[in-house]
2 protein chains.
Amino acid sequence: MKISTRGRYAIRVMIDLAEHAQGEYIPLADIARRQEISEKYLEAIVSMLVKAGLLVGLRGKKGGYRLTKTPDQYSVGDILKITEGNFAPVACLEDEINSCDRASECKTLKVWEDFQKLVNDYFSSITIESLTGNDGCYDYVI
Amino acid sequence: MKISTRGRYAIRVMIDLAEHAQGEYIPLADIARRQEISEKYLEAIVSMLVKAGLLVGLRGKKGGYRLTKTPDQYSVGDILKITEGNFAPVACLEDEINSCDRASECKTLKVWEDFQKLVNDYFSSITIESLTGNDGCYDYVI
DNA sequence: TATAATCCTATTTATCTGATAGGAATATAC
DNA sequence: GTATATTCCTATCAGATAAATAGGATTATA
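Note that the coordinates shown come from a computational prediction; the quantities given were computed from them, not determined experimentally. (Residues numbered from 1 in each chain as written. Chains lettered and ligands numbered in written order. Predicted model: local features only at pLDDT ≥ 70, side-chain atom pairs only at ≥ 80, totals over all residues. Heavy atoms only, no water.)

### Thoughts on the side chain of Ser75 of chain A
Residue and element names in this part refer to chain A.
Link 1 in the chain: Within the fold, Ser75 resides in the loop between β2 (64-67) and α4 (76-84).
Link 2 in the chain: Judged by its relative accessible area of 7%, Ser75 falls in the buried class.
Link 3 in the chain: If we ignore the near neighbours within four places in the chain, the residues touching Ser75 are Phe123, Ser124, Ile126 and Thr127. (Helix = DSSP H or I, 4+ residues; strand = E, 2+ residues; numbered from the N terminus. Buried < 20%, exposed > 50% of the residue type's maximum accessible area, 1.4 Å probe, protein only. Contact = heavy atoms within 4.5 Å.)

Below you can see the structure in the form of structure tokens.
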């Protein structure tokens with residue numbers, strides 16, 4: 001029932017970018033220094049966020065990462081879904097169809113289904129913007 | 001973010017006992033057979049429940065396990081707290097006092113605190129009795 | 001062309017999960 | 001009091017995953 005370090009770091013990266021980016025690309029080294037996280041480890045995490053389209057990276061000098069949307073358009077849930085895979089508390093809820101033999105007689109299935117919805121709704125309701133010290137007025141265009 | 005097999009099995013054991021026990025001791029072999037779970041694996045799980053006082057075991061012939069309370073007095077949360085340790089989604093919330101250096105400046109601490117409460121409240125609200133096919137009238141005395 | 005950055009692949013270490021095995025201790029029934 | 005049925009205890013094992021590190025290929029800018 002733990003949120004992985006990956007997930008926690010991913011959220012911190014997103015908040016950091018939301019607070020410091022003015023539309024330009026921010027090198028990962030800057031984020032790693034501010035957040036006191038190993039740059040090499042962050043690399044793996046950030047690459048997940050890029051692959052999922054939450055960030056874009058640019059190589060070379062003046063390169064780095066930037067958000068693809070404004071901070072109010074990201075939820076904590078969006079990020080955790082990428083790093084944690086999904087919010088299914090049990091394996092049988094990971095796929096659309098439940099392929100567990102015992103599903104029809106399972107007395108706890110509803111407990112897990114309702115729980116999954118609870119978790120999803122909670123994390124979906126928290127925006128990255130709400131976790132920054134910013135005022136919600138972005139003076140840059142994405 | 002997964003509930004362990006231990007936790008799921010523990011809940012099934014408790015439901016099984018709530019449905020089948022009439023005050024007498026139920027051998028683990030019976031539960032293992034009904035639930036189609038390895039008896040040896042269940043042993044380790046059930047011993048946790050005994051140590052925590054949710055069940056009592058009796059050795060020897062006519063031995064087995066029985067509940068220490070009526071099914072409506074157990075919540076799913078009571079059981080999961082034992083098998084999962086706690087509901088802290090991050091390590092810094094496991095102890096009473098938060099010993100994380102970054103706690104004072106942590107932008108996500110409240111997210112995790114509120115989440116922990118949400119999870120705790122949810123699982124605490126579900127009784128084992130509500131997961132059985134019983135009517136809530138116990139014809140045995142504990 | 002030098003430099004600064006992302007991107008990619010592999011490796012390591014530690015921890016946890018799920019499961020199995022063998023046997024010691026003990027309560028009941030005959 | 002002996003056989004039997006059961007919990008109880010300790011140890012072990014394989015596999016997966018998490019967290020982190022390392023080295024170098026690629027690419028954009030100045």
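There is more to say after this.
### Focus: the protein's contact with DNA strand D
Link 1 in the chain: Taken together, 24 residues surround DNA strand D, and among them Thr5, Lys40 and Tyr41 of chain A together with Leu28 and Glu43 of chain B come closest.
Link 2 in the chain: Put simply, 66% of the atoms of DNA strand D that lie within 4 Å of the protein are in sugar or phosphate.
Link 3 in the chain: Between a phosphate oxygen of DNA strand D and a side-chain N or O atom of Thr5 of chain A, the distance comes to 2.7 Å.
Link 4 in the chain: The side chain of Lys40 of chain A places a nitrogen or oxygen atom 2.3 Å from a base oxygen of DNA strand D.
Link 5 in the chain: Among the secondary structure elements, those contributing two or more residues to the surface near DNA strand D are α1 (5-20) and α3 (39-51) of chain A together with α3 (39-51), β1 (55-58) and β2 (64-67) of chain B.
Link 6 in the chain: A per-class count over the surface near DNA strand D returns seven nonpolar, seven polar and 10 charged. (Near = heavy atom within 4 Å. Polar contact = N/O pair within 3.5 Å; in protein donor to acceptor, adjacent residues only side chain to side chain. Nonpolar A, V, L, I, M, F, W, Y, C, P; charged D, E, K, R; others polar.)

### Notes on the protein's contact with DNA strand C
Link 1 in the chain: Lining the immediate surroundings of DNA strand C are 24 residues, of which Leu28 and Glu43 of chain A together with Thr5, Lys40 and Tyr41 of chain B lie closest.
Link 2 in the chain: Taking the atoms of DNA strand C that fall within 4 Å of the protein, sugar and phosphate contribute 65% of them.
Link 3 in the chain: Taking Leu28 of chain A, its main chain carries an N or O atom lying 2.5 Å from a phosphate oxygen of DNA strand C.
Link 4 in the chain: At 3.4 Å from a base nitrogen of DNA strand C is found a main-chain nitrogen or oxygen belonging to Lys61 of chain B.
Link 5 in the chain: For the surface near DNA strand C, the elements supplying multiple residues, two or more each, are α3, β1 (55-58) and β2 of chain A together with α1 (5-20) and α3 of chain B.
Link 6 in the chain: Grouping the amino acids of the surface near DNA strand C by side-chain chemistry returns seven nonpolar, seven polar and 10 charged.

### Let's talk about the state of the cysteines
All names here are of chain B.
Link 1 in the chain: Summed over all chains, the structure comprises zero disulfides over all chains.
Link 2 in the chain: Residue Cys100 stays outside any disulfide, its sulfur separated by 5.5 Å from that of Cys92, the closest cysteine.
Link 3 in the chain: Residue class for Cys100 comes out partly exposed when judged on its relative accessible area of 34%.
Link 4 in the chain: Counting only cysteine sulfurs, Cys100 is the nearest neighbor of Cys106, a cysteine outside any disulfide, at a range of 6.5 Å.
Link 5 in the chain: Look at Cys106 and you get partly exposed, because its relative accessible area is 25%. (Disulfide = S-S within 2.5 Å.)

### What to know about α3 of chain A
Residues and elements named next belong to chain A.
Link 1 in the chain: With 13 residues, α3 should cover 18 Å at 1.5 Å per step; its first-to-last C-alpha distance of 18 Å lies within 8% of that length.
Link 2 in the chain: For α3, the full list of buried residues reads Leu42, Ile45, Val46 and Leu49.
Link 3 in the chain: Turning to α3, the residues buried within the fold contact α1, α2 (28-35), β1, β2 and α4.
Link 4 in the chain: Of the residues that open α3, the one with a side-chain oxygen 3.3 Å from the backbone nitrogen of Lys40 is Ser38.
Link 5 in the chain: Positive phi appears at Gly53, one or two residues downstream of α3, with a value of about 90 degrees. (Expected span 1.5 Å × (residues − 1).)

### Quick look at the packing of aromatic side chains
Link 1 in the chain: Evaluated as defined, the whole model comprises 12 aromatic pairs over all chains.
Link 2 in the chain: Taken together, the aromatic side chains of Phe87, Tyr122 and Phe123 of chain A together with Trp112 and Phe115 of chain B make up a single cluster linked through ring pairs.
Link 3 in the chain: Here Lys69 of chain A stacks its cationic end above the ring of Tyr74 of chain A, 4.9 Å away from the centre of that ring. (Phe/Tyr/Trp six-rings, centres within 6.5 Å; stacked < 30°, edge-to-face > 60°. Lys NZ or Arg CZ within 6 Å of the ring centre and 35° of its normal.)

### Description of the interface of chain A and chain B
Link 1 in the chain: On the chain B side, the residues contacting the 32 residues of chain A number 32 residues.
Link 2 in the chain: Buried surface at the junction of chain A and chain B, summed over both partners, amounts to about 2,900 Å²; 68% is from carbon and sulfur atoms.
Link 3 in the chain: Summed over the shared surface of chain A and chain B, the number is 12 residue pairs in polar contact (both at pLDDT 80 or more).
Link 4 in the chain: Counting residues per element, the ones that place at least two in the side of chain A that touches chain B are α1, α4 and α5 (109-124) of chain A.
Link 5 in the chain: Of the residues forming the side of chain A that touches chain B, the biggest block, nine residues, is contributed by α5 of chain A. (Buried area = accessible area lost by both parts, 1.4 Å probe.)

None of this, on its own, says anything about what the molecule does.
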